[in-house]
Amino acid sequence: MDIALIYMASGRGRRFGSNKLLYALNGRPLYQYGFIQLQEAARLLHRQEDMCCRLWVVSPYEEILDWCRKQGACVQKNSQAAEGMAASVRLGTACAGTAGAYAFFAADQPFIQGQTIVFFLRGFIRSGRSLGCMACGSRKGNPAIFLARYRPKLLALQGDTGGRQILRDHSEEVWYFSAAAEELQDIDTREDLKQALKML
């Protein structure tokens with residue numbers, strides 16, 4: 001199966017107070033952490049499973065787009081970022097074309113590991129389900145994956161809800177992958193950043 005890996009790097013960091021994605025975390029911009037792990041996962045899946053995983057980056061920020069393009073990713077400028085998460089999902093889905101599945105990853109989760117992504121995607125394919133997401137306890141959501149049959153629904157999303165509504169509407173089809181809380185930690189505030197620095 002060919003899977004479109006869509007890296008959503010459009011957050012404006014309202015709670016953070018500035019563009020958190022460009023903020024240096026131990027000397028490296030926050031957005032680069034997840035991207036590097038996602039790129040490694042794509043390489044591993046190609047080598048181990050002969051799976052085609054094309055990496056797309058959706059962002060309104062030229063600095064992010066330029067860097068990711070230089071790393072070999074396909075990029076898409078998000079001129080509708082003010083709308084919220086749905087704009088990133090729609091753009092990523094549209095640009096990826098007719099993939100077998102669409103997997104979405106947030107750029108503010110710096111601790112997710114490439115091998116975890118591999119286990120998640122491999123497990124989803126073997127599950128036989130049409131939807132999947134990572135979970136830790138009651139926390140469920142990002143990253144998430146949708147088979148191609150949900151493409152029209154992904155393209156129709158509006159506002160700041162992302163694909164969560166699709167997961168809720170088709171809960172019987174969702175396969176859950178248990179992940180460590182640390183890997184799913186996202187950076188929303190300066191306090192989150194302080195805690196993240198202690199983990200590096």
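Everything that follows concerns the structure shown earlier in this document.
Let me begin by describing the structure that accompanies this report. (Residues numbered from 1 in each chain as written. Predicted model: local features only at pLDDT ≥ 70, side-chain atom pairs only at ≥ 80, totals over all residues. Heavy atoms only, no water.)

1. Quick look at the pattern of salt bridges
Right, so step 1: If you walk through the whole model with that rule in mind, you get eight salt bridges.
Right, so step 2: Put simply, Glu40 and Arg43 hold a salt bridge, and the shortest N to O gap is 3.0 Å. Here Arg43 and Glu40 lie together in helix H1 (residues 30-49), a separation of three residues that amounts to about one turn.
Right, so step 3: For Arg43, a relative accessible area of 43% puts it in the partly exposed group.
Right, so step 4: One salt bridge connects Glu49 with Arg122, and the closest N-O pair in it is separated by 2.7 Å. Pair noted here: Glu49 is in helix H1 and Arg122 is in helix H4 (residues 114-127), with a separation of 73 residues, a long-range link.
Right, so step 5: By relative accessible area, Arg122 is classed as buried at 16%.
Right, so step 6: Residues joined in a network through salt bridges with shared partners are Glu49, Arg122 and Arg126. (Salt bridge = Lys/Arg side-chain N within 4 Å of Asp/Glu carboxyl O. Helix = DSSP H or I, 4+ residues; strand = E, 2+ residues; numbered from the N terminus. Buried < 20%, exposed > 50% of the residue type's maximum accessible area, 1.4 Å probe, protein only.)

2. Considerations on the sheet that holds strand E9 (residues 174-178)
Within a beta sheet, neighbouring strands are joined by backbone hydrogen bonds and run either parallel or antiparallel to one another.
Right, so step 1: Strand order in the open sheet made by the seven strands is E5-E4-E1-E6-E8-E7-E9, with mixed pairing throughout. Whereas interior strands pair on both sides, the edge strands pair on one side only; in this sheet they are strand E5 (74-77) and E9. Strand-to-strand twist across the sheet, computed as the mean angle between neighbouring axes with direction ignored, equals 25°.
Right, so step 2: Here strand E1 (residues 3-8) runs beside strand E6 (residues 101-106); their pairing, made up of six bridges, is parallel. Bridge pairing in E6 links Ile6 to Phe104.
Right, so step 3: Strands in contact with helix H3 (residues 85-96) are E1, strand E4 (53-59), E5 and E6; relative to E1, the strand with the most contacts, it is inclined by about 145°.
Right, so step 4: This element, H4, spans E1, E6, strand E7 (131-136), strand E8 (139-147) and E9 of the sheet and lies at about 150° to E9. (Pairing = 2+ DSSP bridges. Axes fitted to C-alpha atoms, helices over the stretch in contact; angles between N-to-C directions. Contact = heavy atoms within 4.5 Å.)

3. Description of H1
Right, so step 1: Between its terminal C-alpha atoms H1 stretches 29 Å, which fits the 28 Å expected from 20 residues at 1.5 Å a residue.
Right, so step 2: Buried within H1 are the following residues: Leu30, Tyr31, Gln32, Tyr33, Gly34, Phe35, Leu38, Gln39, Ala41, Ala42, Leu44 and Leu45.
Right, so step 3: Asp50, located one to two residues past H1, shows a positive phi value of around 55°. (Expected span 1.5 Å × (residues − 1).)

4. Topic: the packing of H1 against H4
The geometry of a pair of packed helices is captured by two quantities: the angle between their axes and the separation between those axes.
Right, so step 1: Taken N-terminus to C-terminus, the directions of H1 and H4 make an angle of 50°; their axes are 8 Å apart at the nearest point. By the criterion of interaxial angle, the relationship of H1 to H4 is oblique. In this structure, H1 meets H4 at a crossing whose hand is right-handed. Residues Gln37, Leu38, Ala41, Leu44, Leu45, Gln48 and Glu49 of H1 lie in contact with H4, whose contacting residues are Gly114, Gln115, Ile117, Val118, Leu121, Arg122 and Arg126. (Parallel < 35°, antiparallel > 145°, perpendicular 65-115°, else oblique. Left-handed = near helix turned anticlockwise from the far one by under 90°.)

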